[in-house]
Amino acid sequence: MKRRSVLAGTAAAIAATTLDVAPVATAATAASTAPGSDAVTVLPGDPRYADLVVGNNSRWVARPDSVRLVRNTEQVVRAVQEAVDGNKRISVRSGGHCYADFVFNSEVRVVIDTSLLDTIAYDEELKAFEVGAGSTLLHVYGSLFKGWGVTIPGGMCYSVGMGGHISGGGYGMLSRRHGLTVDHLYAVEVVVVDANGRARSVVATREADDPHRDLWWAHTGGGGGNFGVITRYWFRSPGATGVEPSSLLPKPPKEVLVSALALPWSELDKDSFTSLVRKFGAWHERNGSADSSAASLCSFLMMNHKANGGIGLLTQIDATVPDAEKVLGDFLAEVTSSLSDAAVRPMSEPVGELGALPDLFTPQRLPWLHSVKLLGTSNPTLTNPTLRGHHKSAYLRKNVTAAQAAAMYRHLTRTDHDNPASMVVLLSYGGKINTVGSGDTASAQRDSIFKGLFQSFWPNADDDAANIGWVRDVYGEVFSATGGYPVPGAATDGCYINYPDADITDTSVNATGVPWYTLYYKGNYPRLQGVKAAYDPRNTFRHSQSITLPDHT
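Residues numbered from 1 in each chain as written. Predicted model: local features only at pLDDT ≥ 70, side-chain atom pairs only at ≥ 80, totals over all residues. Heavy atoms only, no water.

The chain is annotated in an unreviewed UniProt entry as FAD-binding oxidoreductase of Streptomyces caeni. UniProt lists a comment for the chain under the heading Sequence similarities (unreviewed entry), and it reads "Belongs to the oxygen-dependent FAD-linked oxidoreductase family." (UniProt positions renumbered as here; feature names shortened; annotations may be inferred.)

## Points about the overall build of the chain
The number of helices and strands found in the chain is 14 helices and 17 strands. Taken against the 2.2 N^0.38 rule, which gives 24 Å for 553 residues, the C-alpha radius of gyration of the chain at 23 Å falls within 12% of a compact globule. For the chain, the C-alpha atoms occupy an extent of roughly 70 × 55 × 45 Å along the three principal directions. Counting the 553 residues in the chain, one finds 60% classified as buried. When contacts within the chain are restricted to residue pairs at least 6 apart in sequence, long-range pairs at least 24 apart make up 72% of them. Accessible surface computed for the chain: about 19800 Å², of which carbon and sulfur atoms make up 52%. Separation of charge centres in the chain, based on 49 positive and 54 negative side chains, amounts to 2 Å. (Helix = DSSP H or I, 4+ residues; strand = E, 2+ residues; numbered from the N terminus. Rg over C-alpha atoms; globule rule 2.2 N^0.38 Å. Buried < 20%, exposed > 50% of the residue type's maximum accessible area, 1.4 Å probe, protein only. Contact = heavy atoms within 4.5 Å. Areas by Shrake-Rupley, 256 points an atom, 1.4 Å probe, with all protein chains shown as cover. Lys, Arg positive; Asp, Glu negative; His and termini not counted. Charge placed at Lys NZ, Arg CZ, Asp CG, Glu CD.)

## Overview of the UniProt feature "domain: FAD-binding PCMH-type" (unreviewed entry) in the chain
Here the UniProt-annotated "domain: FAD-binding PCMH-type" (unreviewed entry) positions come out as residues 53–240. Regarding residues 53–240, the helix share stands at 22% and the strand share at 23%, and the terminal C-alpha atoms are separated by 41 Å.

## So, empty space enclosed by the protein
Within the structure shown, the criterion is met by five cavities of 30 Å³ or more. Broken down by element, the residue count for the lining of the second largest cavity peaks at four residues, all from helix H10 (residues 368–376). Residues belonging to the lining of the second largest cavity are distributed by class as follows: nine nonpolar, four polar and no charged. (1 Å grid on protein atoms, 1.4 Å probe; cavity = no way out; pocket = protein on both sides within 12 Å on 5 of 7 lines; lining within 4 Å. Points joined across faces, edges and corners; volume = space filled by probe spheres on them. Nonpolar A, V, L, I, M, F, W, Y, C, P; charged D, E, K, R; others polar.)

## Structural notes on the sheet that holds strand E8 (residues 199–205)
Taken together, five strands build an open sheet; the order of strands is E5-E6-E9-E7-E8 and the sheet is antiparallel. In this open sheet, the two strands that pair with only one neighbour each are strand E5 (120–123) and E8. Between one strand axis and the next, the sheet turns by 20° as a mean value, whatever way the strands run. One ladder, built from seven bridges, connects strand E7 (residues 185–193) with E8; its direction is antiparallel. Bridged to valine 192 within E8 is arginine 200. Contacting E7, E8 and strand E9 (229–235), helix H3 (residues 73–85) runs over the sheet at an angle of about 35° to E7. (Pairing = 2+ DSSP bridges. Axes fitted to C-alpha atoms, helices over the stretch in contact; angles between N-to-C directions.)

## Remarks on the state of the cysteines
What the rule picks out here adds up to zero disulfides. Take cysteine 98: it sits in no disulfide, and the sulfur closest to it among the cysteines is that of cysteine 157, at 14 Å. Between cysteine 157, a cysteine without a disulfide, and cysteine 298, which holds the nearest cysteine sulfur, the sulfur-to-sulfur distance is 13 Å. (Disulfide = S-S within 2.5 Å.)

## Regarding the packing of helix H8 (residues 270–286) against helix H9 (residues 324–335)
Helix-helix packing is described using two parameters, namely the angle between the two axes and the distance between the axes. Direction vectors running N to C along H8 and H9 enclose 140°, while the axes themselves pass 8 Å from each other. Classed by the angle they form, the pair H8 and H9 counts as oblique. Residues Leu276, Lys279, Phe280, Trp283, His284 and Arg286 of H8 touch H9, and the partners they reach there are Phe331, Glu334 and Val335. Looking at the contact of H8 with H9 residue by residue, the class counts come to five nonpolar, one polar and three charged. (Parallel < 35°, antiparallel > 145°, perpendicular 65-115°, else oblique.)

## Describing the packing of aromatic side chains
In this structure the tally under the stated criterion is 26 aromatic pairs. Ring plane angle 40° and centroid distance 6.1 Å describe the contact between tyrosine 233 and phenylalanine 235, whose orientation is recorded as tilted. Of the residues examined, tyrosine 233 reaches a relative accessible area of 0% and is grouped as buried. Judged by its relative accessible area of 1%, phenylalanine 235 is buried. Centroid distance tyrosine 475 to tyrosine 485: 5.1 Å. Interplanar angle 85°. Geometry classified as edge-to-face. Here tyrosine 475, found in helix H12 (residues 464–478), pairs with tyrosine 485, found in the loop between H12 and helix H13 (516–521); they are 10 residues apart in sequence, far enough to count as distant. This pair shows no difference in class: tyrosine 475 is buried, exactly as tyrosine 485 is. Among the aromatic residues, those joined into a ring-pair cluster are Tyr99, Tyr171, Tyr395, Tyr429, Tyr496 and Tyr499. Above the plane of the ring of tyrosine 186 lies arginine 236, whose end atom (NZ or CZ) is 4.2 Å from the centre. In this arrangement the basic side chain of lysine 451 is found over the ring face of tyrosine 171, its NZ or CZ atom lying 4.2 Å from the centre. (Phe/Tyr/Trp six-rings, centres within 6.5 Å; stacked < 30°, edge-to-face > 60°. Lys NZ or Arg CZ within 6 Å of the ring centre and 35° of its normal.)

## Focus: the packing of H8 against helix H11 (residues 402–412)
Remark: H8 packs on H11, axes separated minimally by 9 Å, with the N-to-C direction vectors making an angle of 125°. Classed by the angle they form, the pair H8 and H11 counts as oblique. In this structure, H8 meets H11 at a crossing whose hand is right-handed. Listed contacts from H11 to Lys270, Phe273, Thr274, Val277 and Arg278 of H8 are Ala402, Ala405, Ala406, Met408, Tyr409 and Leu412. Split by residue class, the contact of H8 with H11 holds eight nonpolar, one polar and two charged. (Left-handed = near helix turned anticlockwise from the far one by under 90°.)

In structure tokens:
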């Protein structure tokens, strides 16, 4: 297949390419333009405006002067240049799933929406797969698999946009087997602004002799909205050789075994709950290496508040690996061994972030792409545009203690809080992820065994204080031994930038004395600041938790 854009020369030469900025005609009214000319400009009077100024978390809303819907790199350069010339604050939207206010806030005057940048093609010159920053995960999975029989190990939610997902590291159900998504990132195209206020595009690759290699590195976990507008990514696995596209990225499993269990709160007490959580963690301690026979198994333990009625355990394994049924069966038996038969039921009602999946009580063999569609579209929180949310995360290097599990139980069974969508989720990690060095990519957490996500969803602003307070309470108590946050150390290793925490910069909440940027980036932060200085010296691209210039730490 011929590539759909024009780049020439070697990777290093490509990386140095810039685009000249053409004069921009400012739209006086809401208008659409042809794909080859300027971006679509959406103004407040346009019927599309309301849908484009709020994302998945309705706590964060912007009232920008305009939203620019871009279809190609040239349009992005023009839109950025116009905003810079007009001294207008820019933010960038891909899929709209940011948990915090990075995209939508009161200071933003121009939102650059990349959702129309959704081309997926094989680039014969770079020998890599080109993926537009506005592509959603399900679109990427379907296109790569149907076109070439390959995939990338990304997230489960179907509508998450690639722009932010990849730049934050990217993680999903195939990551224990194949690593983080950025472990397969070959190149990235970014529209940046230099010290003179000139917008230009830069393509940065992982090649050792690429003069822009640091810009590539910064997009392997540095997070979105920090350096410029990401327009395209290219993927090719390290060590992949040849020109046959089907050999350049991982092949997904032909089939997967999927299990979904409901564990009713009516059958759980403090001891059985603590045992469930601790056994989940203990299994991951023993099976965290890439050469483990269970490296293809990924599980999410979704512990909703008691008001929900139940806890969910979703597990998937490559059905083609040796003894897959036994590995899955042994895992399920171990984790639920302290529970009675009555305490393990079909998932007949929505649990956690999943809809009802009763047919998966007995593990089912499913074609891989079928499972992706089933699980990716079953999240009820994605289909409710009114939900508000608060989120916190943790990387865990060791199993949680009995005291930490008891703290989870205490808050999940509180009678003064009855939101069924308040939850703690534990997610499998480790495996191939942990074969990469902490500094080889900007994703620094490379020896954790599982992750934690503490969150609540609710529809009304009147309930903000109660839900934000609940998340702070459970998280703060679970990590009370390190000041209320999972400070990098023997047992924990900080927080995930793709689950941004709106409290993390507030020293009255994060009272650990450990800066927010250390919790996200650890020792990689000074290097990220250096990339910021090189590619965004005017701090054009910024938000409430953006990487700062070196003299503004």
